[in-house]
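Residue strings, one per chain:
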Amino acid sequence: MSAPAPIEHAGLRPAGEGPHVGRALPRKEDAALLSGRGRFADDVAAPPGTLVAHVLRSPHAHAMIQRIDIKAALALPGVRAVITGDDIRKLSDPFLVAVKEPLPQWALAVERVRYVGEPVAVIVATSRYIAEDASELVEITYEPLPAIIDTREAMKEGAPLVHPEARSNAVGKRSFRYGDPETAFAEADAVVELTVEYPRNSFTPMECFVVVAEYRAHEQSYDVLSNFQGPFSAHPVMARALRVPGNRLRLRTPADSGGSFGIKLSVFPYIVLMGLASRIVGKPVKWVEDRLEHLLAASAGPNRVTNIAAAVKRDGRITALRMDQMEDYGAFLRAPMPGPLYRMHGASTGAYDIKNLSVSNTIVLTNKAPAGLIRGFGGPQLYLALERLIQRISVELGIDHIEIIRRNLIPGGVFPYKAAAGALYDSGDYPKAVEIALGSGRYDALVRRRNEARASGRHYGIGFAVVVEPGMSNMGYLSTLLPHAVRERTGPKNGAVSLATVNVDPLGAVTVTADAPVQGQGHATTLSQIVADQLGLDPDDITVNLEMDTQKDAWSIASGTYSCRFSPGTAVAAHMAAERIRDKLLRIAAKQLNVLPDDVELADGKARSRSNPDNALPFARVAGTAHWSPVMLPDGMEPGLRETATWCPPELEPPSRDDRINTSLTYGFVFDMCGIEIDPVTFQVRVDRYVSMHDAGSLLNPLLAEGQMKGAFVQGLASALYEEFIYDERGSFLTGTFADYLVPTAHEVPALELLHIESPSPFTPLGAKGLAEGNCMSVPACIANAIADALRVKEVPLPASPRRIHAILAGPEAKPPSTHTHAVAPSRGGRDITGRGSFDVKASPADVWHSLLDPAALKAVIPGCHSLELESENAYRADVSLGVGPVRGRFVAHVRLSDLELERSAQLSGDLAGALGAASGGGHVRLSPIAGGTRLDYDYTVTLSGKAAAVGGRLLDSAADIVIRKFFEGLARHMATPDTSAGERFLARFWRGLAKLLGGRA
Amino acid sequence: MSEIEKGARVPVQLVLNGTAHTGFAESRMLLSDFLREVLGATDVHVGCEHGVCGCCTVLIDGVAARSCLTLAVQAEATTIETASSLASADGELNHLQAAFRKHHALQCGFCTPGILMSLTDLLRREPEPTRERVVDVVSGHLCRCTGYSGIIDAAMDAVNAGSPKT
């Protein structure tokens, strides 16, 4: 089989005569969405009496759960249940995991919490407001444990273990070797090496997770509506966890979904959780995730560290690649992880003709939220490493970057091309696509702009990225992580089934359903174009319903909207089903028109004779025969008009004995070129020019195709410059709002020049390939390369925020000088706030000392204190109210005094925990007599975690040092007031200061 | 200003898309929750509940506002407009909506109602805004699907076609 020659064009083809497929047709979905008539999961009516759930989450990155006291929460009117890990463990099993190491995860934390935001309890109540009130009354005692956050540190001997029973944080290691990389490295003229880190982020759909679950006790089944996106390989995982066969987990998806980008796969543990909650309370339960929960714990792309090396010849030709990939999946390995390590595996050599390859993959566990599906899925991580390496080769060999690309690209005319690790690239002409993109003066103009900028001393760089974009994953790719012998034992997985159904009703109206839940891509429009072409109808005549119902709709393990499987998969199944309906109608019409079936065509809403177009019947009349007059149908024909087609391309074979795997069915091509400039004052990276060339095979609807590319472009830009989930070294999560987690707005988006060529895929009947992920893969690499070029640096950390660029240009920032005579300016590492100082008090050391140890005095002076009790000698427990900005909550504080030296010094330590998060801290107070009073020297450290750190961080950053300094200054001033003892006031202000620090009403 | 006791549910009267409504709300209830759950206005979308994303934007007495940063009781005696008021009664899209469709300015459509309301406010006050001004207004909203360029093009198209029918 050889691929057809590519069709070249820039921009969109005009609408016109000919088939509907290929036209830039506006969407049939839009009218309802533009009128506010979308039917999103939270808009769909829940049964009367449905209760509402709120998830209470861990404020600690790593801790043992010692005790959960739910009494007070249960006593609140409107609360129906408070569910904990113990309840969940009785009714369900841990989720299935892809590796052999024991990494059990239930829908709620059992015994141990492993990341900030991990669900610990569920409160079910009559309203969300009541459920959230009750969450503050659940009292949980944790024993904090050391957390491990850094990927490389986690792999070291002696690191805290996320799953002690797994005995290591590095699991599922595998190495692969293709060709003869050792000889190639030994014979290389040069070896170019680089370490590249891909950051952790998400694409945060604007609609968060929604689950409405009902347990049907009489049939022991679960009926769930959720904005789940697939893959439906997660369905058996959920059913197994719920201990029911698949037919007793009915999962339905709504008509509309507010974006997904892979993220809404990760609603699946909550589907199980809410199913169990419904079972426990005996009522339907609804849960709508809020944005803090979503940022904190919904899902993330895994961050990856790659050590990559190339064996190169003097002329820039690459003879071998070596990659050591360490991917950080957070605290659990949720199905289908570690997908991103293996999804690109067959295409590890990208667009380059490199025969020798070695790859080693390690799954790393840390105390961060679990990673999941995300647009690009392994591609951004792979290409950042590979494309940065290509740029480094150009620098180290002194050859132009674009020349290194040209000398290594897979040439035209060799497709289908078998890549070293097994991918079978279906079609393309990479050199041609690159030259078109560089041409028409585009590259020359960019070089000119760089030269001009540099001549005037500005930082300007040019970047390139070359990407092979997979579409429609082979379900066998993940089994590459198992050795061949194990694969043989467990049965070789492979293929990918797509399903679509075309139904024609008795009056000839056509409905299409398919196995791809809605996320906003416009699939209903595309499917209507495909089916309309086969049936001679207008796309407006076709109704497409993409709601899914696992009890009624045709689906298989690969179903879902992910990994660009729509165009090469679902669209093909719809095309096949429509062809079958067409053929059936042609036979029916032939009989009625008295002609041969070959002479009949469906066109303009009619079945007509090609040779005598006047001999025609309306489409509805012919279609109706199959319903109204089944006896009159041609011999042997089944009555009715409903066809479900199953598409499973034969190219998706299981991994071979030597671990070669054709990871996807289609492989598009993307070539990006950009010019960036770095602002000398703000250190912001400004994208000056961006050109992106795509070859996605035949475009089914160019308007929608470009929409996907533009959307992916901005998500790639976000990964390159803005978005990052930030944890401090103790695992506190610091980006819990959209003011901390920076999603680009219209202001940040540069112009994008899109170019296309079309090399139809020989492996799909419509010639189409997947196309929605390429720019997520290419843009981070292209911009990183441009920054490397602008700054002439080897390391380009992403996202390349002004802070990081500044660090490259200016070196580490100097600490600001202290302006206080006594106190040292507080400094901060992560969310630690530390400081020290001293002041003089007009009271005797004995008075101060006495108050420090008197519970009655303490209770009177602690603001917001509801109760204070002596737990043991010099250990107090206080129930206090504090707030972070507008959010207030109750906390339980434990304060201990230790290392007491009578009237001289004491160590003060304690913690504060509540629904808003936790703070822990310690301090040292020394008293020394001076003339007329006491000198008090102090130092302190306060660490925040949980919600307080995630949403309060920004406020604390700017306010903390001022507040603390003012607190101690004010303390020194006020100790002299005569009406109470000095010691009481010292402690009052200490507490008030802490309250202020937390934004309370001190 | 009268004081509302904690936990008490008080009547809130307002005009939503031309129809007078009365519903009951606790003092702490957000306007976004009130519109969706009490009055059934599911075209008001909730995306972040901290005022950044703009999904919940409605017009309160003609001015675009975040309904998640407004309490229901603050909306007493106001006139509120949401996206479902933009098309004509028989479903015909106005200039702005039609331009959104033409320019593929929406994909999942979740952020769209809020963006339409901000642009409606803009185009009523400033019928001929510059492109920069439109970018400025749209930058008050987050959209994850489109990359914004279609939205800006659509808004400029609507400017050129004349202000939206309202």
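About the cut-offs
- Residues numbered from 1 in each chain as written.
- Chains lettered and ligands numbered in written order.
- Predicted model: local features only at pLDDT ≥ 70, side-chain atom pairs only at ≥ 80, totals over all residues.
- Heavy atoms only, no water.
- Helix = DSSP H or I, 4+ residues; strand = E, 2+ residues; numbered from the N terminus.
- Polar contact = N/O pair within 3.5 Å; in protein donor to acceptor, adjacent residues only side chain to side chain.
- Axes fitted to C-alpha atoms, helices over the stretch in contact; angles between N-to-C directions.
- Parallel < 35°, antiparallel > 145°, perpendicular 65-115°, else oblique.
- Left-handed = near helix turned anticlockwise from the far one by under 90°.
- Contact = heavy atoms within 4.5 Å.
- Nonpolar A, V, L, I, M, F, W, Y, C, P; charged D, E, K, R; others polar.
- Buried area = accessible area lost by both parts, 1.4 Å probe.
- Salt bridge = Lys/Arg side-chain N within 4 Å of Asp/Glu carboxyl O.
- Buried < 20%, exposed > 50% of the residue type's maximum accessible area, 1.4 Å probe, protein only.
- Arc of directions from axis to C-beta.
- Pairing = 2+ DSSP bridges.
- Phe/Tyr/Trp six-rings, centres within 6.5 Å; stacked < 30°, edge-to-face > 60°.
- Lys NZ or Arg CZ within 6 Å of the ring centre and 35° of its normal.
- Core = buried A, V, L, I, M, F, W, Y, C linked by side-chain atoms within 4.5 Å.
- 1 Å grid on protein atoms, 1.4 Å probe; cavity = no way out; pocket = protein on both sides within 12 Å on 5 of 7 lines; lining within 4 Å.
- Points joined across faces, edges and corners; volume = space filled by probe spheres on them.

### Considering the environment of Glu219 of chain A
Looking at where Glu219 of chain A falls in the secondary structure, it is placed in the loop between β10 (210-216) and β11 (221-226). At a separation of 3.0 Å, a polar atom in the side chain of Glu219 of chain A contacts the side chain of Arg216 of chain A.

### Comments concerning the packing of helix α4 (residues 131-138) of chain B against helix α5 (residues 149-160) of chain B
Residue and element names in this part refer to chain B. Axis separation between α4 and α5 bottoms out at 10 Å; the angle between their running directions is 125°. One finds that α4 runs oblique with respect to α5. Along this stretch, α4 crosses α5, giving a crossing that reads as right-handed. Here Arg131, Val134, Val135 and Val138 of α4 lie close against α5, whose contacting residues are Ile151, Ile152, Asp153, Ala155 and Met156. Among the residues forming the contact of α4 with α5, the class breakdown is seven nonpolar, no polar and two charged.

### Quick look at unusual backbone geometry
All names here are of chain A. Cis rather than trans, the peptide bond between Ala335 and Pro336 has omega equal to -5°. Within the secondary structure layout, Pro336 lies in the loop between β15 (318-328) and α10 (339-342). Here Met337 and Pro338 are connected by a cis peptide whose omega angle stands at 5°. Structurally, Pro338 can be placed in the loop between β15 and α10.

### Thoughts on the interface of chain B and chain A
Bring the parts together and some accessible area is lost; that lost area is often taken as the interface size. Across the contact, 46 residues belong to chain B and 51 residues belong to chain A. Here chain B meets chain A over a buried area of about 3900 Å², counting both sides, of which 58% is carbon and sulfur. The largest per-residue losses of area from chain B upon contact with chain A belong to Arg101, His104 and Arg144 of chain B, which jointly make up 22% of the total buried on that side. Applying the counting rule to chain B against chain A returns five salt bridges. Put simply, Asp133 of chain A and Arg28 of chain B hold a salt bridge, and the shortest N to O gap is 2.7 Å. Contributions of two or more residues to the side of chain B that touches chain A are made by α1 (31-38), α2 (95-102), α3 (112-125), α4 and α5 of chain B. A per-element tally of the side of chain B that touches chain A places α2 of chain B first, with four residues.

### So, helix α12 (residues 401-408) of chain A
For α12 of chain A, the complete set of buried residues consists of His401, Ile402, Ile404, Ile405 and Asn408 of chain A. The buried residues of α12 of chain A occupy an angular sector of 160° when projected down its axis, which confines them to one face.

### Digging into the pairing of strand β4 (residues 79-84) of chain A
Residue and element names in this part refer to chain A. In terms of residue burial, β4 counts as a mostly covered element, since five of its six residues are buried. When β4 meets strand β6 (residues 119-125), the two strands line up antiparallel, connected through five bridges. Across the sheet, Val79 pairs through a bridge with Ala125, a residue of β6.

### Considering the packing of aromatic side chains
All names here are of chain A. This structure, assessed with the given rule, holds 19 aromatic pairs over all chains. With a centroid separation of 4.8 Å and 50° between ring planes, the pair formed by Tyr215 and Tyr222 is classed as tilted. Owing to a relative accessible area of 17%, Tyr215 belongs among the buried residues under this scheme. A ring pair is formed by Tyr270 and Trp287, whose centres lie 4.4 Å apart and whose planes are at 20°; its orientation type is stacked. With a gap of 17 residues between them, Tyr270 in helix α8 (residues 268-281) and Trp287 in strand β13 (residues 285-288) connect regions that are remote in the sequence. Take Tyr270 and Trp287: they sit in the same class, and that class is buried. An aromatic cluster of at least three residues, connected via ring pairs, comprises Phe725, Tyr727, Phe733 and Tyr741. Its end group placed over the ring of Trp106, Arg89 keeps NZ or CZ at 5.7 Å from the ring centre. The cationic tip of Arg322 hangs over the ring face of Phe185; the distance from NZ or CZ to the ring centre is 4.4 Å.

### Brief notes about the sheet that holds strand β26 (residues 616-618) of chain A
Residue and element names in this part refer to chain A. One open sheet holds the three strands; their spatial order is β24-β25-β26, and the pairing between them is antiparallel. In this open sheet, the two strands that pair with only one neighbour each are β24 (600-603) and β26. Adjacent strand axes in the sheet meet at a mean angle of 20° when their direction is disregarded. Against the sheet, helix α17 (residues 566-593) makes contact with β24, β25 (606-609) and β26, and its axis sits at roughly 120° relative to β24, the strand it touches most.

### Observations regarding the packing of helix α11 (residues 379-397) of chain A against helix α20 (residues 774-791) of chain A
If you want to describe how two helices pack, look at the angle between their axes and the distance between the axes. All names here are of chain A. Contact geometry of α11 with α20 gives a least axis separation of 8 Å together with a crossing angle of 30°. In terms of their interaxial angle, α11 and α20 are classed as roughly parallel. With respect to the hand of their crossing, α11 and α20 are arranged in right-handed fashion. Facing α11, whose interface residues are Gly379, Pro380, Tyr383, Leu384, Glu387, Arg388 and Gln391, α20 presents Cys776, Met777, Pro780, Ala781, Ala784, Asn785, Ala788 and Asp789. Considered class by class, the residues forming the contact of α11 with α20 number nine nonpolar, three polar and three charged.

### Quick notes on the side chain of Gln519 of chain A
With respect to the helices and strands, the residue Gln519 of chain A is situated in the loop between β21 (510-514) and α16 (523-535). According to the relative accessible area criterion, Gln519 of chain A is buried, its value standing at 7%. Among the polar contacts made by the side chain of Gln519 of chain A, one reaches the main-chain carbonyl oxygen of Thr561 of chain A at a distance of 2.9 Å. Sequence-distant contacts of Gln519 of chain A, defined by excluding residues within four places in its chain, comprise Gln229, Ser257, Gly259, Ser260, Phe261 and Thr561 of chain A together with Cys108 of chain B.

### Some points on the sheet that holds strand β3 (residues 57-60) of chain B
Residue and element names in this part refer to chain B. Strands sit in the order β2-β1-β5-β3-β4 across an open sheet of five strands; the sheet is mixed. Each end of this open sheet is capped by a strand with a single partner; those strands are β2 (19-26) and β4 (63-66). Sheet twist, expressed as the average angle between the axes of neighbouring strands with direction ignored, equals 40°. Here β3 pairs with β4 via four bridges, running antiparallel. Pairing of Thr57 across the sheet is with Arg66, part of β4. Together, β1 (9-16), β2, β3 and β5 (79-81) form the strand contacts of α1, whose direction differs from that of β2 by roughly 115°. Running over the sheet, α3 touches β3, β4 and β5 and is turned about 40° from β3.

### So, the nonpolar core
Phe228, Tyr425, Phe671, Ile783 and Ile787 of chain A together with Phe100 and Leu119 of chain B are the most contacted members of the largest nonpolar core, which has 289 residues in total. If you tally residues by element for this core, the top one is α17 of chain A, at 15 residues. Residues within four places of Ile787 of chain A in sequence aside, it is in contact with Ile676, Ile678, Val685, Leu721, Arg792, Val796, Ala800 and Ile805 of chain A. One finds Val880, Leu908, Leu916 and Tyr940 of chain A within the second-largest nonpolar core, a separate group that totals 28 residues.

### Side note on empty space enclosed by the protein
Residues and elements named next belong to chain A. Per the counting criterion, the structure on display carries 12 cavities of 30 Å³ or more. Of the pockets and cavities examined, the largest cavity occupies roughly 520 Å³. Together, 35 residues line the largest cavity, and Gln521, His523, Cys564, Gln708 and Ala772 are the ones closest to its centre. If you list the elements that add at least two residues to the lining of the largest cavity, you get α16, α17 and α19 (702-721). For the lining of the largest cavity, a count of residues per class yields 16 nonpolar, 16 polar and three charged.

### Overview of the side chain of Ser778 of chain A
Residues and elements named next belong to chain A. For Ser778, the position within the fold is in helix α20. Separated by 2.5 Å, the side chains of Ser778 and Asp672 make a polar contact. Those residues within four positions of Ser778 in sequence are excluded, and the remaining contacts are Ala465, Val467, Val670, Asp672 and Tyr690.

### As for the environment of Asp538 of chain A
Residues and elements named next belong to chain A. Take Asp538: it is sitting in the loop between α16 and β22 (542-545). A relative accessible area of 35% places Asp538 in the partly exposed class. Each C-alpha atom, one on Asp538 and one on Asp604, is 7.8 Å from the other, the two residues being 66 residues apart in sequence. Those residues in contact with Asp538 that lie beyond four places of it in its chain are His20 and Ala532.

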